[in-house]
Amino acid sequence: MGRENFHRILDETQQDTLRLGSLVEDATAKAVDALTRSDVKLADEILEGDDIVDDLCVRIETNCLNLLALQQPMASDLRTIAAMLDIIIDLERIGDHACDIAQITKNLSTEPQLKPFIDIPLMATTAREMLRESLDAFAQHSADIAHKVPEKDDEVDRLYRAVFKELIEFMAKDPRAISRGSNLILVALYLERIADHATNICERVVYMVEGVPKHLKRSVVEINQAIAHSEALGSRTIGDTAAS
Amino acid sequence: MPLFDQFRKPRKTEGVSSHSALTDRNSALVERFDALVDALPVGVIVVGEDGRVTVFNPAAAEIFGVPRARALGRSLIESVRSFELDRRLWNALRGGVEQTAELTYNAGTERKLELTTRPLRGTEPPREAVAVVHDITRVRELEAIRRDFVSNVSHELRTPLTSVKIIVETLQGGVDATTQAGFLNDIARETDRMIALVEDLLGLAKLESSTLAVPFSPVDLCEVCREVVATQALRAKQLHIDLQVRTPDEPIVMLGDRAKLVQVVVNLLDNALRLTPPNGHVKVAVRSDDGHAVLSVADDGPGIPSSALPHIFERFYVVDRSRARSSTGTGLGLAIVKHIVESHGGTVVAESQLGVGTTLRCRFKI
């Protein structure tokens with residue numbers, strides 16, 4: 001394999017990583033859409049699409065390992081390959097979470113809606129934004145973008161807590177809501193995890209570009225302080241259930 | 001042989017004596033081709049056989065929210081994060097047939113796109129593929145509005161009709177005189193509801209189908225408000241609502257259609273009176289502000305959630321269905337207000353706080 005060939009395959013593998021990112025971002029959007037509209041057909045589509053995600057992961061991993069084994073890449077090329085090997089694990093997990101949400105949509109499809117969906121779609125929007133921007137950071141090899149993305153994770157964490165608190169209250173009041181409530185808590189948890197995976201991707205991009213590993217996710221103590229501060233300012237009512 | 005290569009650079013024309021003349025002609029053609037593609041209102045993307053973008057017109061840049069410079073010369077997936085678009089373009093590059101699909105693309109705002117992909121020059125190398133992208137977001141939105149409208153009208157008409165049918169069937173079975181009188185009142189009420197709805201529907205359709213037929217003339221907005229408030233004073237008293245009107249001593253005159261402006265105040269006031277609980281307050285006020293007349297109708301009713309505020313001027317939008325059922329509005333009042341205000345070159349906004357109240361404010365140029 002010549003050096004030119006090496007760069008061609010490296011480029012193609014990076015493009016495949018972006019394709020994988022696009023697939024799982026789309027799956028996440030569709031999963032939440034299917035949940036809010038109780039669309040079982042769309043949920044089935046997402047579950048069927050997971051095979052493409054898995055195949056793409058295998059292809060990227062194989063290419064990365066081949067490049068490592070046959071080309072002994074150095075410096076930024078080596079870091080790019082190492083980053084991709086990590087990023088595809090995060091992307092594959094995001095795809096799995098989209099499937100988990102699709103499965104919950106199917107489970108809940110025969111039951112009446114517990115409450116209007118407000119905070120869960122908001123969580124999904126922010127988590128998707130984070131994922132999209134983390135992939136922008138990877139595509140543009142931009143540590144600047146990667147540094148900014150995790151700031152949004154606080155908002156997702158805050159919404160997760162709000163959803164959790166609200167659903168626990170629902171379930172405490174009405175035991176018939178336990179099955180639906182616990183499923184929706186899982187959905188919120190999956191979305192919170194998707195945002196965390198986006199943060200992981202940003203950490204890998206920073207490492208890829210700057211060559212120094214960095215933890216971008218804030219500690220639980222820092223997050224709690226930030227949430228307490230924003231609540232003290234009254235910027236938004238937690239557990240807002242207002243609906244039309 | 002094509003006049004330019006896949007990067008739209010003039011091809012070399014070997015063996016031709018007037019080489020430079022032909023090259024000039026090719027350059028002019030390329031320039032014209034670029035101008036043509038740039039002027040198209042639909043997104044056009046062309047990729048070469050290595051998958052790199054060679055054409056990305058301004059409409060495509062606008063649709064995908066990607067600067068042209070970031071897309072050109074790179075693999076499409078690096079700038080436009082759509083697996084489906086990328087896959088279809090690669091299929092076309094490999095000689096696939098023309099395909100049309102609808103997809104959703106989200107780069108901050110969600111767009112519905114209709115996408116057609118096809119090989120640009122058959123299977124002859126150098127291969128290229130083109131994607132033509134129509135933004136059909138607005139079309140899909142309008143379709144949804146039309147569907148909702150038909151469904152809402154059917155629902156709003158069927159409900160009173162069903163009541164009337166049941167009452168008539170009961171009356172046919174024979175009832176005593178007192179019950180009969182009560183039932184007849186119910187029929188009259190339901191009929192009034194249907195008439196109000198049909199009148200509002202016709203009024204709105206008339207407003208939308210033409211510009212105001214009556215020429216604008218000077219109208220004193222203060223006088224209009226005082227007149228409408230006077231006609232509603234008895235109703236407010238019966239509802240135990242304190243209705244006040246505050247206007248300056250000097251008239252505030254604007255150019256407009258008086259009858260339509262009366263309708264604006266009537267609709268706003270009707271809304272406020274219906275949604276304000278007993279012992280509540282409704283205030284109608286007019287003031288001048290920096291060359292504008294500002295009409296406001298404020299109530300201290302339950303208020304509107306912030307998530308609902310952007311929708312209250314839509315037809316049949318109901319903030320709280322359980323509350324609305326008892327309050328007999330047609331669901332068209334604010335849509336009519338918005339239409340009339342805008343046809344007068346004005347604006348209408350709503351401000352509300354849950355538990356505090358709602359203010360609707362119209363602003364007209366004077």
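Residues numbered from 1 in each chain as written. Chains lettered and ligands numbered in written order. Predicted model: local features only at pLDDT ≥ 70, side-chain atom pairs only at ≥ 80, totals over all residues.

This next bit is on the nonpolar core. Counting residues in hydrophobic clusters, the biggest one holds 88 residues, and the most contacted among them are A127(A), L191(A) and V205(A). Those residues within four positions of L191(A) in sequence are excluded, and the remaining contacts are I120(A), M123(A), A124(A), A127(A) and V156(A). Counting residues in each nonpolar core, the second largest holds 42 residues, with V245(B), A293(B), V297(B) and V341(B) among its members. (Core = buried A, V, L, I, M, F, W, Y, C linked by C-beta atoms within 7 Å. Buried ≥ 20, exposed ≤ 12 C-beta atoms within 10 Å, placed from the backbone. Contact = placed C-beta atoms within 7 Å.)

Turning to the interface of chain B and chain A, a few remarks are in order. Each partner contributes to the interface: chain B provides 14 residues, whereas chain A provides 15 residues. Of all the secondary structure elements, the ones that give two or more residues to the side of chain B that touches chain A are α4 (76-79) and α5 (83-93) of chain B. (Helix = DSSP H or I, 4+ residues; strand = E, 2+ residues; numbered from the N terminus.)

Another aspect to go through is the confidence of the model for chain B. All names here are of chain B. Confidence in the prediction for chain B averages 84 pLDDT; 89% of positions are at 70 or higher. For the stretch residues 322-326, pLDDT sits under 50, and the model shows two contacts to residues farther than four places along the chain or on other chains. For this predicted complex, the interface score ipTM comes out at 0.76, alongside a pTM of 0.67. (pLDDT = per-residue confidence, 0-100.)

Once that is clear, we can look at the sheet that holds strand β12 (residues 357-365) of chain B. Residue and element names in this part refer to chain B. Pairing is mixed across the open sheet formed by five strands, whose spatial order is β7-β9-β10-β12-β11. Only two strands of the sheet have a single partner each, and these edge strands are β7 (242-246) and β11 (347-353). Across the sheet, the mean angle separating the axes of adjacent strands is 15° when strand polarity is ignored. As paired strands, strand β10 (residues 292-299) and β12 are joined by eight bridges and run antiparallel to one another. Note on β12: the bridge partner recorded for S296 is R361. (Pairing = 2+ DSSP bridges. Axes fitted to C-alpha atoms, helices over the stretch in contact; angles between N-to-C directions.)

Next up on the list: the pairing of strand β9 (residues 281-289) of chain B. All names here are of chain B. In the sheet, β7 pairs with β9 via five bridges, with the strands oriented parallel. Bridge pairing links L243 to V282 in β9. Sheet topology note: the β9/β10 ladder contains eight bridges and is antiparallel. Paired with A285 across the bridge in β10 is S296. Counted along the chain from β9 to the antiparallel partner β10, the turn is two residues long, and its residue D290 has a positive phi close to 50°.

Residue and element names in this part refer to chain B. Of the strand pairs in this sheet, strand β3 (residues 99-106) and strand β4 (residues 110-119) are connected by eight bridges, and their pairing is antiparallel. By the bridge assignment for β4, Y105 is matched with R111. The hairpin formed by β3 and β4 contains three residues between the paired strands, and G108 there has a positive phi angle of roughly 105°.

As a further point, take the packing of helix α1 (residues 3-37) of chain A against helix α2 (residues 40-71) of chain A. Residue and element names in this part refer to chain A. Running from N to C, α1 and α2 cross one another at 160°; their axes reach a closest spacing of 9 Å. Taken together, α1 and α2 sit at an angle that is classed as roughly antiparallel. The chirality of how α1 crosses α2 is left-handed. When its residues are assigned to classes, the contact of α1 with α2 shows 19 nonpolar, five polar and five charged. (Parallel < 35°, antiparallel > 145°, perpendicular 65-115°, else oblique. Left-handed = near helix turned anticlockwise from the far one by under 90°. Nonpolar A, V, L, I, M, F, W, Y, C, P; charged D, E, K, R; others polar.)

Next up on the list: the environment of I304(B). Residue and element names in this part refer to chain B. Here I304 lies in the loop between β10 and α10 (321-325). A residue is classified by how many C-beta atoms lie within 10 Å of it, and I304, with 22 of them, is buried. For the pair formed by I304 and V356, sequence separation is 52 residues and the distance between their alpha carbons is 9.4 Å.

Along its 35 residues, α1(A) runs 51 Å from first to last C-alpha, staying within 8% of the 51 Å computed at 1.5 Å per residue. Of the residues flanking the end of α1(A), it is S38(A), one or two places downstream, whose phi is positive at about 55°. (Expected span 1.5 Å × (residues − 1).)

Further remarks concern the packing of α2(A) against helix α3 (residues 75-108) of chain A. Residues and elements named next belong to chain A. Relative to each other, α2 and α3 sit at 165°, their axes nearing to 9 Å. Relative to α3, α2 is oriented roughly antiparallel. In this structure, the crossing between α2 and α3 has a hand that is left-handed. For the pair α2 and α3, the contacting residues are V40, A43, I46, L47, D50, V53, C57, I60, E61, C64, L67 and L68 in the first and I81, M84, L85, I88, E92, G95, A98, C99, A102, Q103, T105 and K106 in the second.

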